[in-house]
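Summary of the model geometry
One letter stands for each residue in the lines below.
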Amino acid sequence: MSDAKQEVLGILCSGRGTNLQSIITAVNRGEIAADIAVVISDKPDAAALTRAEKAGLPAVCIDRRRFADRDAFEAALIGELQKRGVTLVILAGFMRLLGKTFLHVYGGRTMNIHPALLPAFPGAHAHRDTIAYGVKVSGCTVHFVDEGMDTGPIILQAAVPVLDDDTEETLAARILVEEHKIYPQAIKLYCEGLLCIVGRKVRIG
Ligand code: GRF
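Residues numbered from 1 in each chain as written. Predicted model: local features only at pLDDT ≥ 70, side-chain atom pairs only at ≥ 80, totals over all residues. Heavy atoms only, no water.

1. Concerning the site of the ligand
Residues in close proximity to the ligand include Arg16, Gly17, Thr18, Asn19, Gly93, Ile113, His114, Pro115 and Glu179, which together make up its full environment. Between the ligand and Gly17 there is a distance of 2.8 Å, counted from an oxygen atom to a backbone nitrogen or oxygen. The separation between an oxygen atom of the ligand and a polar side-chain atom of Thr18 is 2.6 Å. If the ligand stood free it would expose 370 Å²; the protein chains cover 87% of that surface. At a threshold of 2 Å from the grid points, most atoms of the ligand map onto the largest pocket. When residues of the shell around the ligand are traced back to their parent elements, those giving at least two are α1 (18–28) and β5 (110–114). Taken together, the residues that form the shell around the ligand break down as two nonpolar, five polar and two charged. (Near = heavy atom within 4 Å. Polar contact = N/O pair within 3.5 Å; in protein donor to acceptor, adjacent residues only side chain to side chain. Areas by Shrake-Rupley, 256 points an atom, 1.4 Å probe, with all protein chains shown as cover. 1 Å grid on protein atoms, 1.4 Å probe; cavity = no way out; pocket = protein on both sides within 12 Å on 5 of 7 lines; lining within 4 Å. Sits in = over half its atoms within 2 Å of the grid points. Helix = DSSP H or I, 4+ residues; strand = E, 2+ residues; numbered from the N terminus. Nonpolar A, V, L, I, M, F, W, Y, C, P; charged D, E, K, R; others polar.)

So, in structure tokens, the structure goes:
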């Protein structure tokens, strides 16, 4: 038996949770050597919570509206994650910026996925901005989280074509296929100890 440290994942969501699902599937198939300790949503009606329950995972809502400010909200997130021994935090469609309070504890141990080739088109309207700008290639980016909006060190990216007749929906669907591949891959690399942050860059291997 290996005595390698097993990572414990805490997955934060706000919505439908298809990336969450791809990670659950990869863990259940044994492709990622990690446990998922908890799925947390900041929204009570997130479909991600139902997905987690169906998978037999602890599903917790920490409703942002119950907290006076971001620091109090982040302290509650930290409390829940630490209580469950979480060592790596995965943002999977979590629609909030995390700040100093959270990153003081989980900085360098929090990942996000964004549906564009960063640093192009950060923010909440990546597909719309991509189509409006007229680029021919887009994709998705997994990155470590820092205090900026989609600005942290990049782990993996995948590209897809942008077609002349794309709508936000058709482009999002094409990108999502790649998201569901590279997010589990990036988590696997982390869990195998193969990611090293060096300044702005992430070395793999
Ligand atoms: C994905 O497009 C992801 O890149 C972005 O939010 C969306 C979440 O989708 N951060 P889902 O909830 O994982 O289906």
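2. As for the pattern of salt bridges
A complete count under the given rule lists eleven salt bridges for this structure. For Glu74, the salt bridge goes to Arg70, with nearest N and O atoms at 3.4 Å. Within this pair, Glu74 and its partner Arg70 are both found in helix α3 (residues 70–83), separated by four residues, close to a single helical turn. Residue Glu74 is classed as buried on the basis of its relative accessible area of 1%. In this structure, a network of salt bridges that share partners links the residues Glu80, Lys83 and Arg84. (Salt bridge = Lys/Arg side-chain N within 4 Å of Asp/Glu carboxyl O. Buried < 20%, exposed > 50% of the residue type's maximum accessible area, 1.4 Å probe, protein only.)

3. Let's talk about the side chain of Glu80
Examined against the element boundaries, Glu80 turns out to sit in helix α3. The class of Glu80 is buried, set by a relative accessible area of 12%. Here the side chain of Glu80 touches Arg84 through a polar contact of 2.6 Å, side chain to side chain. In contact with Glu80, not counting residues within four places along its chain, are Ile40, Val60 and Ile62. (Contact = heavy atoms within 4.5 Å.)

4. Details of the pairing of strand β1 (residues 7–13)
The side chains of a regular strand alternate between both faces of the sheet. Counting buried positions over the seven residues of β1 gives seven, a clear majority of the element. Here β1 shows no split at all, with Glu7, Leu9, Ile11 and Cys13 on one side and Val8, Gly10 and Leu12 on the other all buried. Note: β1 against strand β2 (residues 34–41), seven bridges, orientation parallel. Paired with Val8 across the strands is Asp35, a residue of β2. Read as a crossover between parallel neighbours, the route from β1 over α1 to β2 is right-handed. Two elements, β1 and strand β4 (residues 88–91), share four bridges in a ladder whose sense is parallel. Residue Leu9 lies in a different strand from β4, and its bridge partner there is Leu88. (Pairing = 2+ DSSP bridges. Right-handed = clockwise from strand over helix to strand, strands pointing away.)

5. Digging into the packing of α1 against helix α6 (residues 168–191)
Contact pair α1 / α6: the axes reach a minimum separation of 9 Å and the direction vectors enclose 45°. Looking at the two axes, α1 sits oblique to α6. Both α1 and α6 take part in a crossing whose hand is right-handed. For the pair α1 and α6, contact is made by Thr18, Asn19, Ser22, Ile23 and Ala26 and by Leu176, Glu179, His180, Tyr183, Pro184 and Ile187, respectively. A per-class count over the contact of α1 with α6 returns six nonpolar, four polar and one charged. (Axes fitted to C-alpha atoms, helices over the stretch in contact; angles between N-to-C directions. Parallel < 35°, antiparallel > 145°, perpendicular 65-115°, else oblique. Left-handed = near helix turned anticlockwise from the far one by under 90°.)

6. Some points on the layout of surface pockets
Approximately 790 Å³ is the volume attributed to the largest pocket. Lining the largest pocket are 38 residues, with Gly93, Phe94, Met95, Ile113 and Pro115 positioned closest to its centre. Sort the elements by how many residues they give to the lining of the largest pocket and α6 lands first, with four residues. For the lining of the largest pocket, the per-class residue count stands at 16 nonpolar, 15 polar and seven charged. (Points joined across faces, edges and corners; volume = space filled by probe spheres on them.)

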